[in-house]
Amino acid sequence: MQVGMRPDEGAVRARRAPRLPLASAKRFRGAIAAAIVLCAAIGVSGCGGGVGTTASSTGGTLTIADGNFPATFDTAMGLNEDNTYYAMTNDPLIVRTPTGKFAPDLALSWQYGPRNESFSLKLRPNVTFSDGTKLDAEAVKAWLEHVKTLPGGPGAGFLASLKSIDVTGPLSLTLHFSKPTPLVELLLSQELAIGQPGSPKAAKAGTLKTNPVGAGPYVLDQTETVARDHYAFVPNPHYWNKSAIHWKKIVIKVIANSNAALQALKTNQVQVVENQAAESIAPAKSAGLKFVAPTTLMMGLQFSDRKGELLKPLGDVRVRQAINYAINRPELGKLLGLGYGEVVDQMAAKGDDDFVPELQNRYPYDPAKAKQLLAEAGYPHGFSLPVLSVALVGQNVVAEALAGQLAKVGIKVEPDIKTNTGEYTAKVGTKEFPAVTLSWGRLPAVTNYQLLWGPKATGANPFKTRSPKLEHIYEELVAAPADRAEAIAHEMQRFLVEEAWFAPVYVTPLAVLYRPSIAGVNATDQRDVTFPQEYRPAG
Amino acid sequence: MLRLIGRRLALSIPLLVGVTAAAFVLVALIPGDVAREILGPTATRAQYLQLRHALGLAQPLPVRYWHWLTAALHGNLGASAFSQEPVTSLLNSRLGVTLDLVVLATILAAVVGIALGVAGALLSGTVGRAIDSISLLGLALPEFVLGLVLVALLAVTIEIFPATGYVPFAQSPAEWVRSMVLPVVTLSVPALAIIAKQTRDSMRDVLSRPFVRTLQAAGIPRRSILFKHALRNAAIPVATVIGLVFIGVLSGSVLVEDVFAIPGLGGLAVQATTEHDVPLILGSVVYFTVIVVLMNLLVDLVYGWLDPRVRVS
């Protein structure tokens, strides 16, 4: 937004005024004295106050700063950037732990049917939503139907293959899919939000948007909430797991400005700050604060036009591999991660199911090799490469750095950096650009195939590139039992890297900063986001 | 006077229509829309189109504006396209905060600025030049830099004031004062520099006029000459500048609300613009326009009080 304007001065020029003595300085000194006394009184009376109080071992008020406010409290919309809020009021059916494994929460047990074409759940007994509605098999069925049919929600995509739901007992149900659907645990976990059910009664009434009703540890206190500024949560009297309630009150304060959030953390106005860029880590450390910085956001270049329809050179795998060799990833990483995060030259990071350790450094920085491959492909003098990018989370940094790096091998990158994300998003799915910079969250191979590189990918692949080999690998992966899935996912990764459909560069961290008085701020390579329900007083 | 007020208020209606129409068109020109903002880049086209339809975005622009306008003329500013919260209640929850900030900053700027301006007009030499320099420094310093420095010094290093946030007066008057000090000072410094400069120049002009010498010769006390006669005459252009400064402070509040994480109208307008939330943008435009219109009306009324000739005309 614009800087505050200055009104036109329009000062009237005056002739020099005759000298008139100022009234005695006594009055002036008196005014200053009064001001000092007033400031002192305010300072003394205000000491120790503030929005967030120190987290005590008994768990008073925890204040968390988040740059987002929730567009909706209906978790069926699957807006997982609002997961801090959802964690307060909505337990998931299955919880993903910091080790990456899935553990019971509202569901006690589950299993896949043959070829992953069905999924059976047994629910925890004696659980109710915060409005008193029973959480049973019928309620979960109603919830999943709500997810699938919500206009504009992701359920139509995520649950596209959900054919039917059979309620097999008061607390048991089976989901039937029209095709193999692995990773149902992920869908029903806190990772994608849709697995955190709300009360079907509230869903039917259409009130979940503004008033969350889940089976989570807290409820929204509307009287102490100011929309888009701060949201107050108090313990849910119906919660099934009272020992997991660590606070008398939790306030989530919306602070979009990172510096303001850091200052609030330093002064104990807040105790946790979510979703901070790498730049915030050094000042937080120097102030004696703690942090976790899981690698969260992958960055790189997508070769959208792998068939060479728009830009012929990109149709040759040697050209795409040459570009990978021409990228100096460690140098880019210094700009993007400031010492945090990791270089990657595959479409996965450490801890992902399709991460292949042997593929790390498959494309070391080697401009000579890049030039050789370009010459072999018939482009000894390079070519021009238009690249769509956006000034968001460092994508523009990638585009600009690539322009410099690829110029050394004769490739003239022409970055078109949009400042409006809506414009970028509208264009990334079109055939207007042969290459685009991308940033994407870490997800399993199956989901990435559906979102990024499958022929029907929703987020990318505008030229609908297909490969029978890749599609066969995917078909095997979705139907594979858990003990074989990782090996098949590795096969998919090898294909992507050898065919150089992408030029991944770096995986950057999103840090969570917190005061030493807080524990449970857990994020790892296996689970790259924290789960705010786990925050508790330290010691 | 009543005629003046009535005329101004009547003129504000076509002004509001014009300003909101212009804002509507400008937002429509920005690529993207609120449906895309809600769903993000990984949504399918089908999801996007479905949500666009559900939000009424598929209708032609003039139809959408007409629906908004007819509802607004009945006092209904609609609901946020992003979060479906009523626009009026969102804006009302923030109006008081911004008015607190802006009014206090303007009052502080006016009081200190006029005092510095008078002192600058009366004192020549080093003191006068020092006051001039302070005014220039206040003008040159960007608000957000000043804000950051004040936070670093007076909130983080010496913990006198809170670094962020706003406490309503009704909740705790003392905490309200504490939470207002740094943002109000931040906003008022550039404004007081302008007011000080204008006051100084106006005072010097008035003090050089023959009627002041006449009053001195007649034995009128110095204090009376200064405050009852000279300042009152010098105040007319200063009143204009204070009105303009108020508008500048109002727009400057956007940045200051961001730096101090204050839940005001400016921050809400920024959010609305980022999200392409047209009803909320238009609602913000209405509120800001009404505030400016009322401020201009107040300046006119102050003119009338200061200068009887204006009242008569």
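Bear in mind that the values here come from a model prediction, so they are computed numbers and not experimental data.

Engineer: Would you mind showing me how to read the overall build of chain A here?
Structural biologist: On a plain count of helices and strands, chain A comes out with 16 helices and 21 strands. Considering only contacts in chain A between residues 6 or more positions apart, those separated by 24 or more positions represent 69%.

Engineer: Just to check I follow, could you spell out the overall build of chain B for this structure?
Structural biologist: Tallying secondary structure elements over chain B gives 13 helices and zero strands in all. Counting only residues that meet the buried cut, chain B has 50% of its 313 residues in that class. Of all intrachain contacts in chain B linking residues separated by at least 6 positions in sequence, the fraction that spans at least 24 positions is 74%. About 13,800 Å² of surface is accessible on chain B, with carbon and sulfur atoms providing 71% of the total. Charged side chains of chain B number 21 positive and 16 negative; the gap between the two group centres comes to 15 Å.

Engineer: Whenever I open this one, the nonpolar core confuses me. Can you help?
Structural biologist: The nonpolar side chains of a soluble globular protein tend to be buried, and buried together. Tyr85, Leu175, Phe233, Ile250 and Tyr535 of chain A are the most contacted members of the largest nonpolar core, which has 72 residues in total. When residues of this core are assigned to their parent elements, the largest contribution, six residues, is made by helix 3 (residues 137–149) of chain A. Leave out the neighbours within four places in its chain, and Tyr535 of chain A touches Leu62, Ile64, His246, Trp247, Val272, Glu274, Val512, Ile518, Ala519, Gly520, Val521 and Thr530 of chain A. Leu16, Met180, Val245 and Leu265 of chain B belong to the second-largest nonpolar core, a separate cluster that totals 60 residues.

Engineer: When you look at helix 15 (residues 468–479) of chain A in this model, what are you seeing that I'm missing?
Structural biologist: Note: α-helices contain 3.6 residues per turn, so residues at a spacing of three or four share the same orientation. Residue and element names in this part refer to chain A. Taking 1.5 Å per residue as the helical rise, helix 15 with its 12 residues ought to reach 16 Å, and the 17 Å between its terminal C-alpha atoms agrees with that figure. Taken together, the buried positions of helix 15 are occupied by Leu470, Glu471, Ile473, Tyr474, Leu477, Val478 and Ala479. Lining the buried residues of helix 15 we find helix 14 (445–453) and helix 16 (482–499).

Engineer: For this particular structure, what's the right way to read the pairing of strand 10 (residues 249–254) of chain A?
Structural biologist: Residues and elements named next belong to chain A. Counting buried positions along strand 10 gives five out of six residues, so the element sits mostly inside the fold. Relative to strand 10, strand 1 (residues 61–66) is paired through six bridges, and the arrangement is parallel. Its bridge partner being in strand 10, Thr63 is matched across the sheet by Val251.

Engineer: Where do I start with unusual backbone geometry in this structure?
Structural biologist: Apart from glycine, the bulk of residues carry a negative phi angle, and the bulk of peptide bonds sit in the trans form. All names here are of chain A. Non-glycine residue Arg115 carries a positive phi angle of around 55 degrees. Structurally, Arg115 can be placed in the loop between strand 4 (107–112) and strand 5 (118–123). Phi angles above zero are rare outside glycine, and Arg228 is one such case at about 70 degrees. Positionally, Arg228 belongs in the loop between strand 8 (218–220) and strand 9 (230–235).

Engineer: What is the right way to read the packing of helix 9 (residues 210–217) of chain B against helix 10 (residues 222–259) of chain B from this model?
Structural biologist: When two helices pack together, you describe them by how their axes are tilted relative to each other and by the distance separating the axes. Residue and element names in this part refer to chain B. Look at helix 9 against helix 10: their axes get within 11 Å of each other, and the N-to-C directions meet at 170 degrees. When the interaxial angle is binned, helix 9 and helix 10 end up roughly antiparallel. Here Phe211, Val212, Leu215 and Gln216 of helix 9 come into contact with helix 10, specifically with Ile225, His229 and Asn233. Among the residues making up the contact of helix 9 with helix 10, the classes are represented as four nonpolar, three polar and no charged.

Engineer: Is there a simple way to think about the pattern of salt bridges in this case?
Structural biologist: Any two side chains of opposite charge can pair if their charged atoms end up close together. Residue and element names in this part refer to chain A. On inspection of all chains with the given rule, the structure shows 26 salt bridges over all chains. Measuring nitrogen to oxygen at the nearest pair gives 3.4 Å for the salt bridge that ties Glu309 to Lys307. The exposure class assigned to Glu309 is partly exposed, which follows from its relative accessible area of 49%. Taking relative accessible area as the criterion, Lys307 reaches 45% and is therefore assigned partly exposed. For the salt bridge of Lys350 with Glu342, the shortest nitrogen-to-oxygen distance reads 3.9 Å.

Engineer: Explanation requested: the environment of Leu298 of chain B in the structure shown.
Structural biologist: Residue and element names in this part refer to chain B. Note that Leu298 resides in helix 12 (residues 278–306). A residue is classified by how much of its surface remains accessible, and Leu298, at 45% relative accessible area, is partly exposed. Residues Leu298 and Arg64, 234 residues apart in the sequence, show an inter-C-alpha distance of 34 Å.

Engineer: What is the right way to look at the environment of Lys431 of chain A in this model?
Structural biologist: Residue and element names in this part refer to chain A. Secondary-structure assignment places Lys431 in the loop between helix 13 (421–428) and strand 17 (435–441). Taking relative accessible area as the criterion, Lys431 reaches 45% and is therefore assigned partly exposed. Separated by 39 residues in sequence, Lys431 and Leu392 place their C-alpha atoms 21 Å apart. Leaving out residues up to four positions away in the same chain, Lys431 has contacts with Glu309, Leu310, Pro462 and Phe463.

Engineer: Could you clarify how one ought to interpret the packing of aromatic side chains in this entry?
Structural biologist: When we look at a pair of aromatic rings, we describe it by the centre distance and by the angle of the planes. Applying the stated criterion across every chain yields a total of 15 aromatic pairs over all chains. Relative to Phe82 of chain B, the ring of Phe69 of chain A lies with its centre 5.8 Å away and its plane at 65 degrees, an arrangement referred to as edge-to-face. Here the residue Phe69 of chain A occupies a position in the loop between strand 1 and helix 2 (83–89), and Phe82 of chain B occupies one in the loop between helix 4 (61–73) and helix 5 (87–122), the pair thus bridging two chains. An identical accessibility class is assigned to Phe69 of chain A and Phe82 of chain B; each is buried.

Engineer: Help me understand the sheet that holds strand 15 (residues 384–390) of chain A in this model?
Structural biologist: Adjacent strands of a sheet pair through backbone hydrogen bonds, lying either parallel or antiparallel. Residue and element names in this part refer to chain A. Across the sheet, six strands lie side by side as 14-18-13-17-15-16; this open sheet has mixed pairing. This sheet does not close on itself; its edge strands, each paired only once, are strand 14 (342–343) and strand 16 (412–418). Judged from the seven bridges that link them, strand 15 and strand 16 form a sheet pairing that is parallel. Each residue of the ladder has a partner; that of Val390, found in strand 16, is Lys418. Running at roughly 135 degrees to strand 13 (residues 295–303), helix 9 (residues 317–326) makes contact with strand 13, strand 15 and strand 18 (502–509) of the sheet.

Engineer: How should I be thinking about helix 10 (residues 329–337) of chain A in this particular structure?
Structural biologist: Residues and elements named next belong to chain A. Every buried residue of helix 10 is accounted for by Arg329, Leu332, Gly333, Leu336 and Gly337. All buried residues of helix 10 project into a common sector of 105 degrees when viewed along the axis, lining one side. Opposite the buried face of helix 10, by more than 90 degrees, sit the exposed residues Lys334 and Leu335. Residues of helix 10 that are buried in the fold lie against strand 13, helix 9, strand 14, helix 12 (395–407) and strand 18.

Engineer: Explanation requested: the sheet that holds strand 6 (residues 162–169) of chain A in the structure shown.
Structural biologist: All names here are of chain A. The four strands lie next to each other as 4-5-7-6, forming an open sheet whose pairing is antiparallel. Either end of the sheet is taken by a strand with one partner, and the two such strands are strand 4 and strand 6. Taken over all neighbouring pairs, the strand axes of this sheet differ in orientation by 20 degrees on average, direction set aside. One ladder, built from six bridges, connects strand 6 with strand 7 (residues 172–177); its direction is antiparallel. Its bridge partner being in strand 7, Leu162 is matched across the sheet by Phe177. Strand contacts of helix 3: strand 5, strand 6 and strand 7, with the helix running at about 170 degrees to strand 6, the strand carrying the most contacts.

Engineer: Can you walk me through a nonpolar patch on the surface in this structure?
Structural biologist: Residues and elements named next belong to chain B. Taken together, Leu99, Val103, Ile107 and Val111 make up a surface patch of nonpolar side chains, about 310 Å² in accessible area. Following the sequence through the fold, Leu99 ends up in helix 5. Judged by its relative accessible area of 30%, Leu99 is partly exposed.

The rules behind the values
- Residues numbered from 1 in each chain as written.
- Chains lettered and ligands numbered in written order.
- Predicted model: local features only at pLDDT ≥ 70, side-chain atom pairs only at ≥ 80, totals over all residues.
- Heavy atoms only, no water.
- Helix = DSSP H or I, 4+ residues; strand = E, 2+ residues; numbered from the N terminus.
- Contact = heavy atoms within 4.5 Å.
- Buried < 20%, exposed > 50% of the residue type's maximum accessible area, 1.4 Å probe, protein only.
- Areas by Shrake-Rupley, 256 points an atom, 1.4 Å probe, with all protein chains shown as cover.
- Lys, Arg positive; Asp, Glu negative; His and termini not counted.
- Charge placed at Lys NZ, Arg CZ, Asp CG, Glu CD.
- Core = buried A, V, L, I, M, F, W, Y, C linked by side-chain atoms within 4.5 Å.
- Expected span 1.5 Å × (residues − 1).
- Pairing = 2+ DSSP bridges.
- Axes fitted to C-alpha atoms, helices over the stretch in contact; angles between N-to-C directions.
- Parallel < 35°, antiparallel > 145°, perpendicular 65-115°, else oblique.
- Nonpolar A, V, L, I, M, F, W, Y, C, P; charged D, E, K, R; others polar.
- Salt bridge = Lys/Arg side-chain N within 4 Å of Asp/Glu carboxyl O.
- Phe/Tyr/Trp six-rings, centres within 6.5 Å; stacked < 30°, edge-to-face > 60°.
- Arc of directions from axis to C-beta.
- Patch = residues over 30% accessible without salt bridge, like charges linked within 9 Å, V, L, I, M, F, W, Y side chains within 5 Å.

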